[in-house]
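A structural walkthrough
Residues per chain are reported as follows:
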Amino acid sequence: MNLHSRILAAGALAALAGLSALPAQAQSPAYPTRAITMIVPFAAGGPTDVISRIVTAHMAQTLGQSIIIENVVGAGGTTATTRAARATNDGYTLITGHMGTHAASVPLYPKLAYHPEKDFEPIALLAGTPILILAKKDFAPKDLKEFATYVKANVDKVNAAHAGVGSVSHVSCELLNSVLEIKPTGVPFNGTGPAMNALVGGQVDYMCDQIVNAVPQIKGGTIKAYAIATPERNPSLPDVPTTKEAGLPAFQAQAWNAIFAPKGTPPEVIAKLNAAAVKALDDENVRKRLLDLGSVIPPTAERTPASLAALVKSEIAKWTPVVKPAGN
Ligand code: MLT
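From a predicted model like this one, the values you see are computed outputs, not experimental measurements.

**Let's talk about the site of the ligand**
As a structural note, the neighbourhood of the ligand is formed by Phe-42, Gly-46, Pro-47, Thr-48, His-98, Ala-163, Ser-167, Val-168, Ser-169, Gly-191, Thr-192 and Gln-210. Here an oxygen atom of the ligand sits 2.8 Å away from a polar atom, N or O, in the main chain of Val-168. In the environment of the ligand, an oxygen atom lies 2.7 Å from a nitrogen or oxygen atom belonging to the backbone of Thr-192. Looking at the shell around the ligand, the elements with two or more residues in it are helix H3 (47-63) and helix H7 (168-180).

Right, dumping it as structure tokens:
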């Protein structure tokens, strides 16, 4: 090796040494450089899955990489959420969590393997999802008042489907049952996608579910809707009365779905993901699909990570006195 070559080689080595001293993020090419996994903590076809697929399809275009949905079921969404909390915090594994996984599960599971606030970085709220009281098509009660009377009188015979302890459907019906002062049998599924199939098939009696899962079935006449548990009727279901109109004003419930990343995910990655989610929520086609399913699209001010962090905190505080540890 001649002198010139040695100087060049030494220079290259020095440059390499200098490069390796740079922080990891400065070395890595612009995020994302490969496909992102979005964990959905319930079965395919349910409300969390549907919302995730609508929004992430648009986010993938913005980010220039695929977003692959992975449905990881079990334990009311907490199995998947535990996995997401432990995933590498590099922005390539995310989760669509919701009012159950990231709020109500905290008081329900005293040994929960994650804490929504300590183990996650909030990215963006995607959609509010009003809760409806639904029943199989041939369930005897004609309206909500009759429903209340009927389930009280037949509490040993009726059952309520849900997506596992801590899921939105479970917690919402726990609230309804406490308003009605009943304790019917619960029938758990891996998500309200399969629970809805059972309701349509008449294998279960009733369910408290997010509107996104219910609109197509109500419009198709395959199930009954007694009421929507929000102060106002929903434009996607103008004929369904509110619980207040139907005689049960004490039952009010609206869930939400949002994207989270494992704690410690770099701030610039969070910012990119948030911007992509915000852009998706502004897209006309995405909005139409979400609105047609009855979702409530958050206003711009409620799409920031800080706003989602505040929502998680307030929802944990709200559900803690309402739900008791599972089994009690
Ligand atoms: C689902 O996607 O199946 C739901 O969000 C389940 C639930 O929490 O009720």
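Still more ground to cover, so stick around.
**Thoughts on H7**
Between its terminal C-alpha atoms H7 stretches 18 Å, which fits the 18 Å expected from 13 residues at 1.5 Å a residue. In terms of burial, H7 is largely enclosed, as 10 of its 13 residues are buried. For H7, the full list of buried residues reads Val-168, Ser-169, His-170, Val-171, Ser-172, Cys-173, Leu-175, Leu-176, Asn-177 and Leu-180. Glu-181 sits one or two residues past H7 and shows a positive phi near 55 degrees.

**Focus on the state of the cysteines**
Simply put, the disulfide is a covalent bond whose two ends are the sulfur atoms of two cysteines. Counted according to the given criterion, the structure contains one disulfide. The disulfide bridge from Cys-173 ends at Cys-208, spanning 2.1 Å between sulfur atoms. Negative torsions about the S-S bond denote left-handed disulfides, and the value of about 75 degrees found for Cys-173 with Cys-208 makes this one right-handed. Note that Cys-173 is positioned in helix H7 and Cys-208 in strand S7 (residues 206-210), a separation of 35 residues in sequence. Considered together, Cys-173 and Cys-208 belong to a single accessibility category, that of buried residues.

**Brief notes about helix H13 (residues 305-319)**
When the terminal C-alpha atoms of H13 are compared, their 21 Å separation across 15 residues agrees well with the 21 Å that a helix rising 1.5 Å per residue should span. Taken as a whole, H13 has its buried residues at Leu-308, Val-312, Glu-315, Ile-316 and Trp-319. All buried residues of H13 lie within an arc of 100 degrees about the axis, which places them on one face of the element. Seen from the open side of H13, the exposed residues pointing more than 90 degrees away from its buried face are Ala-306, Lys-313 and Ala-317. Those residues of H13 hidden inside the fold are in contact with helix H5 (100-108), strand S4 (120-136), H7 and strand S9 (254-262).

**Overview of the nonpolar core**
Counting 51 residues, the largest nonpolar core has Phe-147, Leu-176, Tyr-206, Phe-251 and Trp-256 as its most contacted members. Ranked by the residues each element gives to this core, the list is headed by H7, at six residues. Judged by nonpolar contacts, the second largest core, of 49 residues, contains Leu-63, Ile-67, Leu-94 and Leu-126.

**Observations regarding the environment of Ala-84**
Relative to the helices and strands, Ala-84 is located in helix H4 (residues 78-86). Assessed through its relative accessible area of 2%, Ala-84 is described here as buried. It is 7.5 Å that separates the C-alpha atoms of Ala-84 and Ala-261, two residues lying 177 residues apart in sequence. The contact partners of Ala-84, leaving out residues within four places of it in the chain, are Ile-39, Ile-95, Phe-120 and Pro-262.

**Things to note about the environment of Pro-325**
Mapped onto the fold, Pro-325 is located in the segment after H13. Classification of Pro-325 as partly exposed rests on a relative accessible area of 29%. Spatially, the C-alpha atoms of Pro-325 and Pro-41 are 20 Å apart, while their sequence positions differ by 284 residues.

The rules behind each value
Residue numbering note: each chain is counted from 1, following its sequence as written. For a predicted model such as this one, the threshold for reporting local features is a pLDDT of at least 70, and the threshold for listing and counting side-chain atom pairs is 80 or more; totals across whole chains, interfaces and linings nevertheless cover every residue. For the side-chain quantities, the full set of heavy atoms in the structure was used; hydrogens and water were omitted. For this description, a residue counts as near a given molecule or strand if any of its non-hydrogen atoms is within 4 Å of it. Contacts described as polar in this section are N or O atom pairs within 3.5 Å, which, within protein, must combine one atom able to donate a hydrogen with one able to accept it, while residues neighboring in sequence count only if both atoms come from side chains. Counting from the N terminus, the helices are the DSSP runs of H or I reaching at least four residues and the strands are the DSSP runs of E reaching at least two. One less than the number of residues in a helix, times 1.5 Å, gives the span that helix is expected to have. With a 1.4 Å probe rolled over the protein chains alone, any residue whose accessible area is under 20% of its type maximum counts as buried; one over 50% counts as exposed, and the rest are partly exposed. Disulfides are defined as cysteine sulfur pairs within 2.5 Å. It is the directions from the helix axis to the C-beta atoms whose arc is reported. The contact definition used throughout considers only heavy atoms, calling two residues in contact when any of these lie within 4.5 Å. Only buried residues count toward a nonpolar core, which is a set of Ala, Val, Leu, Ile, Met, Phe, Trp, Tyr and Cys residues joined through side-chain atoms within 4.5 Å.

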